[in-house]
Amino acid sequence: MNLLLLIGLPLLTAVAVLLSRNKQQVKWIALFGSVAQLALAFVLFFIYKHERETGNAAQMLFEQNYPLFKSLNINFHLGVDGISIAMILLTAFVVVAGVLVSWNIEKMTKEFYFLLILLGMGAYGFFISLDLFILFFFLEISVIPKYLLIGIWGSGKKEYSANKLALMLMGGSALILVGILGLYFAAGRSFDIMELSKATVSLPYQQVLFPLLFVGFGVFTALFPLHTWVPDGHSSAPTAGSMFLAGISMKLGGYGCLRVATYLLPEGAKEYANIIIILSAIAILYGAFATMMQKDLKYINAYSSVSHVGFSLLGIGMLTQTAITGALMQMVSHGLMTALFFAVIGMIYDRTHTRMVDEMGGLMKKLPFISTIFFIVGLCSLGLPGLSGFVAEMTIFMGSWENADAFHRIATIAAAMSIVVTAVYILRAIGNTVMGPIKNESYLSLKDAAWNERLAAIILVVGILAIGIAPGWLNDLLRPAAEEIMNRIAGK
Amino acid sequence: MNEFFILMKQELAVTAIIFLLLFIKIGKGIQHSSLLSLVQFLLLINFGAGFFFNQSGWLFGDMYQTTPLIVFQKNILSLGVYLISLLCADWLKKTEHLPEFFMLMLSALLGMFLMISSGNLLIFYLALELATIPVAAMANFDLHKKRSSEGAMKMILSSAFSSGILLFGISLIYGITGTLSFALIPGQLDGSTLQLLAFVFLLSAFAFKLSIVPFHLWTADVYEGSPIAVTSFLSVISKGAIAFIFITILYKVFQPIGEVWYNMLVILAVITMVIGNLFAIRQQNIKRFLAFSSIAQVGFILVGMSSGSEVGITAVVYFVLIYVFSNLAAFGVAAVITEQSGKENIDDYKGLYKTNPFLCWILALALFSLAGIPPTAGFFGKLFLITAGATKASFIFITIAALNMIVSLYYYLRVIRAAFMDKNENPISAIKLSPSVKLGLIICGAGIVLVGLLSWMYDYIHSLSL
């Protein structure tokens, strides 16, 4: 399959959106384009599976390599393995849901959908690039859409949040830039991930470059203590913006931490693994406790995202195959879950015009569909078996436990404790909003979800259930790729 | 004789236009709008002519040199002048002395052409003067504004001062080596104290012209006082031309003392980026803002220059090409707004998107390009400058450069925020763009998007600079 389609299709959609005449057209083109992307992602998934089953054991499939800047040895090198496929599927799900959720946006509809589609394109491009230069290009391309989405369509202190997000992410990018340039010169002038994965980078270089790259990508994925853009950015963004930010953009960071930092600089990863574990354990606990204090639904989900994403980083820091597989599962699971969470919060906010937990109550009586979805996503977040959160976190804990020394055990136990805290804040939030008596008379006239909201929610719930009930397919997808990374770490 | 025409085709074309304007001025004169269209057309031909009959060769002994790279650099400058004539058309039509303005601008351009082509310090000095003095006269072109005269005065004094320093440096070099030829000087250099002194004098003169910190003090006032057409000429075309010849002189003439100037450039680059960025944060006037941001951009150019190999030349030429599009687009938008509403402050741009979406998108593209955010060309330009600077593997240096990109993003976002997000009771009213301004903005926008994505451009420049 030609991977260029994954970039071309969103690009085409974006251009079509720009050329369309009225709001109705814009929406339908965007929806059509995003559904086509989802279909494409599925086709890619099945072809990939077929290739693997027929015994194609190459590390990357569907590789394409075009020279871009010849004199600097920069190539437009594309290819996918299981990790990329999983991330592409996640992106496609979230994009469709995001487009559906924003159906009623009135302000500058055309620009909104254009930026949204562009953001999705950046993510697709990022996940299929095998050249650090274009990987960086696609990582950075999302800065403009993110900034404008929050700044124009956001709520609350949106300008502050948009600025903070853009500058912090730019700071992360600056570190990544130095890191990849270091790799480029240390490994004989190449940005190619496949070449770099075979090159040997001397230990002193690894010791300098690994933290640069890991922290740089870590900013994107809320590595403690550089997570502060997350609560502000997510809570100020419009609904679809939050979904994209938490569901897709944060995963770019996690993917980069693994594919670029850990995979290309294994010695550095070993050197700093303990620090990563400590930081992510802090993030998990701190995020959970901070969530307890929040009263705004969006802040609740934003802080709990810090905590949940901490699990992915913990899995990476554990450096075992199972833990890394779990970390990747957590990325996919959290992407779907948090997108759904933000979607539901958006739906509730559109109706009640408040996000404060205290002010709501008894929504189940008037909004049964939305409330049910809220229940499901809450239970997923606290790790109920049968939903995706449980599978991912369980895999991470099992992988972590493979490290038999006291330090890793203590970190694992500490992280596991956070689940109790998660249960407290999730159940409290759900209980106060959905259950109980209706506190506000005006809520009696609320209408339940419209078709577009139902569709968006169902798509994401299907994803969550597909992982939760039958995690085998995701495991089969991710494990061989994780094994490849482990081989590199083990020096095979 | 034939060779003379082919090698000097660009200089001759510009001279021809200058004489044509002179005859028009002496004769009856024609209407400004038709004169402007004529000049725009001629400038376009001049730009196009640069693509044909490219040869390398020497003229007048070792005085004048042409290579495909030099022709390409001149093309970039011609393109810039053409764009300025498009973008500032509204203002140009209104000036009383349109033919004189173009005569001065083209004389300066001619000076720059000769300067880039010079193979000898003497002709280099002459050409530099030719490229500077007309600009000072142009800076005074808002005849009724005191600030304009003040800017012109500051400019002429500071350039006279820097020329003095330059001449002193050149005379020292002549004293040491007994020659002024670019080709012969390197053989005589061994890094003695006197030579280093001479080099420092030369470097300071260049620093003046490029407004490298701490020689930047004239920049902001001159930029603010001058009409925008002149400001954009100063900050894009002049800077570009000086950067081209600076890199040639560094790499060719002072190649034996490469270690020395590498260290100097690193220090200058760091303080230029930092000071330029820090000062840009606080500016309210859009012209001053762009002035300080262009100082910071020069700091970035120095990062690329420090590489000392053909990668550096490529990166600098490529960046200047992108810089022409990006900065002229920003100045173009500012020029339109100033011309229509008389407003020059960033706060006046609040709510601009409601009334002028097209201008806003061009402005956003330009500023994101200056900040180095993809998919704009500025991303590639900055990245390649940093890559070139990294060839000597000084990580701290590169990290400082990368971190400066964050600061610059911060203040570019200020303008974008004002235009796109901030609310305003009475924003600048909808502006009807004249065709030539629209054309200019579209060319700039297309350049910003395409120069980066069409990657063969970089490889083409690289093949020229080998």
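Residues numbered from 1 in each chain as written. Chains lettered and ligands numbered in written order. Predicted model: local features only at pLDDT ≥ 70, side-chain atom pairs only at ≥ 80, totals over all residues.

### Things to note about the overall build of chain A
Here is step 1 of the chain: In terms of helices and strands, chain A carries 20 helices and two strands.
Here is step 2 of the chain: Here chain A has a C-alpha radius of gyration of 21 Å; the compact-globule value for 492 residues is 23 Å, and the two agree.
Here is step 3 of the chain: Along the first, second and third principal axes, the C-alpha atoms of chain A reach 70 × 60 × 45 Å.
Here is step 4 of the chain: A separation threshold of at least 6 residues defines the contact pool for chain A, and within that pool the share at least 24 residues apart is 80%. (Helix = DSSP H or I, 4+ residues; strand = E, 2+ residues; numbered from the N terminus. Rg over C-alpha atoms; globule rule 2.2 N^0.38 Å. Contact = placed C-beta atoms within 7 Å.)

### Comments concerning the overall build of chain B
Here is step 1 of the chain: Scanning chain B for helices and strands turns up 21 helices and two strands.
Here is step 2 of the chain: Computed over its C-alpha atoms, the radius of gyration of chain B comes to 21 Å, within 12% of the 23 Å expected for a compact globule of 466 residues.
Here is step 3 of the chain: In terms of its C-alpha atoms, chain B occupies a principal-axis envelope of roughly 65 × 60 × 45 Å.
Here is step 4 of the chain: In chain B, the proportion of contacts linking residues at least 24 apart, taken out of those at least 6 apart, comes to 81%.

### Observations concerning the confidence of the model for chain B
Here is step 1 of the chain: Taken residue by residue, chain B gives an average pLDDT of 87. The fraction at 70 or more is 99%.
Here is step 2 of the chain: Between the elements of chain B, mean pLDDT differs from a low of 79, seen in helix 1 (residues 2-7) of chain B, to a high of 91, seen in helix 6 (residues 98-117) of chain B. (pLDDT = per-residue confidence, 0-100.)

### Regarding the nonpolar core
Here is step 1 of the chain: If you look at the biggest cluster of nonpolar residues, it comprises 376 residues, and the most contacted ones within it are Ala97(A), Leu340(A), Ala343(A) and Leu460(A).
Here is step 2 of the chain: Beyond its immediate stretch of four places on either side in the chain, Leu340(A) contacts Ile373(A), Val377(A), Ala457(A), Leu460(A), Val461(A) and Ile464(A). (Core = buried A, V, L, I, M, F, W, Y, C linked by C-beta atoms within 7 Å. Buried ≥ 20, exposed ≤ 12 C-beta atoms within 10 Å, placed from the backbone.)

### Concerning the pairing of strand 1 (residues 61-69) of chain A
Residues and elements named next belong to chain A.
Here is step 1 of the chain: The sheet contact formed by strand 1 and strand 2 (residues 74-80) spans six bridges and is antiparallel. When the bridges of strand 2 are listed, Leu-61 appears paired with Val-80.
Here is step 2 of the chain: Counting the residues in the hairpin turn of strand 1 and strand 2 gives four residues, including Asn-73, whose phi is positive at 60 degrees. (Pairing = 2+ DSSP bridges.)

### Quick word on the interface of chain A and chain B
Here is step 1 of the chain: Facing the 27 residues of chain A at the interface are 26 residues of chain B.
Here is step 2 of the chain: Mapped onto the side of chain A that touches chain B, the elements with two or more residues apiece are strand 1, helix 5 (132-141), helix 6 (143-153) and helix 7 (158-186) of chain A.
Here is step 3 of the chain: At 12 residues, helix 7 of chain A tops the list of elements feeding residues into the side of chain A that touches chain B.
Here is step 4 of the chain: The class makeup of the residues in the side of chain A that touches chain B is 19 nonpolar, five polar and three charged. (Nonpolar A, V, L, I, M, F, W, Y, C, P; charged D, E, K, R; others polar.)

### Topic: the packing of helix 2 (residues 23-53) of chain A against helix 3 (residues 82-101) of chain A
Two quantities define a packed helix pair, namely the angle between the axes and the distance from one axis to the other.
Residue and element names in this part refer to chain A.
Here is step 1 of the chain: Relative to each other, helix 2 and helix 3 sit at 160 degrees, their axes nearing to 9 Å. Relative to helix 3, the element helix 2 is oriented roughly antiparallel. Relative to helix 3, the crossing made by helix 2 is left-handed. In this structure, helix 2 contributes Ala-30, Leu-31, Ser-34, Val-35, Gln-37, Leu-38, Ala-41, Leu-44, Phe-45 and Tyr-48 to the contact, and helix 3 contributes Ile-85, Ile-88, Leu-89, Ala-92, Phe-93, Val-95, Val-96, Val-99 and Leu-100.
Here is step 2 of the chain: Residues of the contact of helix 2 with helix 3, tallied by class, amount to 17 nonpolar, two polar and no charged. (Axes fitted to C-alpha atoms, helices over the stretch in contact; angles between N-to-C directions. Parallel < 35°, antiparallel > 145°, perpendicular 65-115°, else oblique. Left-handed = near helix turned anticlockwise from the far one by under 90°.)

### Describing the packing of helix 1 (residues 4-19) of chain A against helix 2 of chain A
All names here are of chain A.
Here is step 1 of the chain: With their axes 9 Å apart at the nearest point, helix 1 and helix 2 run at an angle of 175 degrees to one another. Classified by the angle their axes make, helix 1 and helix 2 are roughly antiparallel. Between helix 1 and helix 2, the residues in contact are Leu-5, Leu-6, Leu-9, Pro-10, Thr-13, Ala-16 and Val-17 and Val-26, Ile-29, Ala-30, Gly-33, Ala-36, Gln-37 and Leu-40, respectively.
Here is step 2 of the chain: In terms of residue class, the contact of helix 1 with helix 2 is built from 11 nonpolar, three polar and no charged.

### Some thoughts on helix 2 of chain A
The periodicity of an α-helix, 3.6 residues per turn, causes residues three or four places apart in sequence to face the same way.
Residue and element names in this part refer to chain A.
Here is step 1 of the chain: Across its 31 residues, helix 2 extends 45 Å between first and last C-alpha, which sits within 8% of the 45 Å expected from 1.5 Å per residue.
Here is step 2 of the chain: Turning to helix 2, the residues buried within the fold contact helix 1, strand 1, strand 2, helix 3 and helix 4 (109-128).
Here is step 3 of the chain: Residue Gly-55 follows helix 2 closely and has a positive phi angle near 95 degrees. (Expected span 1.5 Å × (residues − 1).)

### Examining the environment of Asn424(B)
Residues and elements named next belong to chain B.
Here is step 1 of the chain: Structurally, Asn-424 can be placed in the loop between helix 19 (395-420) and helix 20 (435-453).
Here is step 2 of the chain: Take Asn-424: there are 15 C-beta atoms within 10 Å of it, and that puts it in the partly exposed class.
Here is step 3 of the chain: Through-space distance from the C-alpha of Asn-424 to that of Leu-352 is 8.5 Å; in sequence the pair is 72 residues apart.
Here is step 4 of the chain: Excluding residues within four positions of it along the chain, Asn-424 makes contact with Lys-350 and Gly-351.

### Re helix 17 (residues 357-371) of chain B
All names here are of chain B.
Here is step 1 of the chain: Its 15 residues place the ends of helix 17 21 Å apart at the C-alpha level, agreeing with the 21 Å of an ideal helix rising 1.5 Å per residue.
Here is step 2 of the chain: By the criterion of burial, helix 17 is predominantly enclosed, with 11 of the 15 residues buried.
Here is step 3 of the chain: Among all positions in helix 17, only Leu-359, Ile-362, Leu-363, Ala-364, Leu-365, Ala-366, Leu-367, Phe-368, Ser-369, Leu-370 and Ala-371 are buried.
Here is step 4 of the chain: Gly-372 sits one or two positions beyond helix 17 and adopts a positive phi of about 85 degrees.

### Let's talk about unusual backbone geometry
Here is step 1 of the chain: Of note, the amide linkage connecting Val213(B) to Pro214(B) takes the cis form, showing an omega dihedral of 5 degrees.
Here is step 2 of the chain: Relative to the helices and strands, Pro214(B) resides in the loop between helix 10 (193-210) and helix 11 (217-225).
Here is step 3 of the chain: Put simply, Pro374(B) and Pro375(B) share a cis peptide bond, and its omega is 5 degrees.
Here is step 4 of the chain: Its place among the elements puts Pro375(B) in the loop between helix 17 and helix 18 (377-389).
Here is step 5 of the chain: Phi at Phe62(A) takes a positive value of approximately 55 degrees, unusual for a residue other than glycine.
Here is step 6 of the chain: Checked against the element boundaries, Phe62(A) lands in strand 1.

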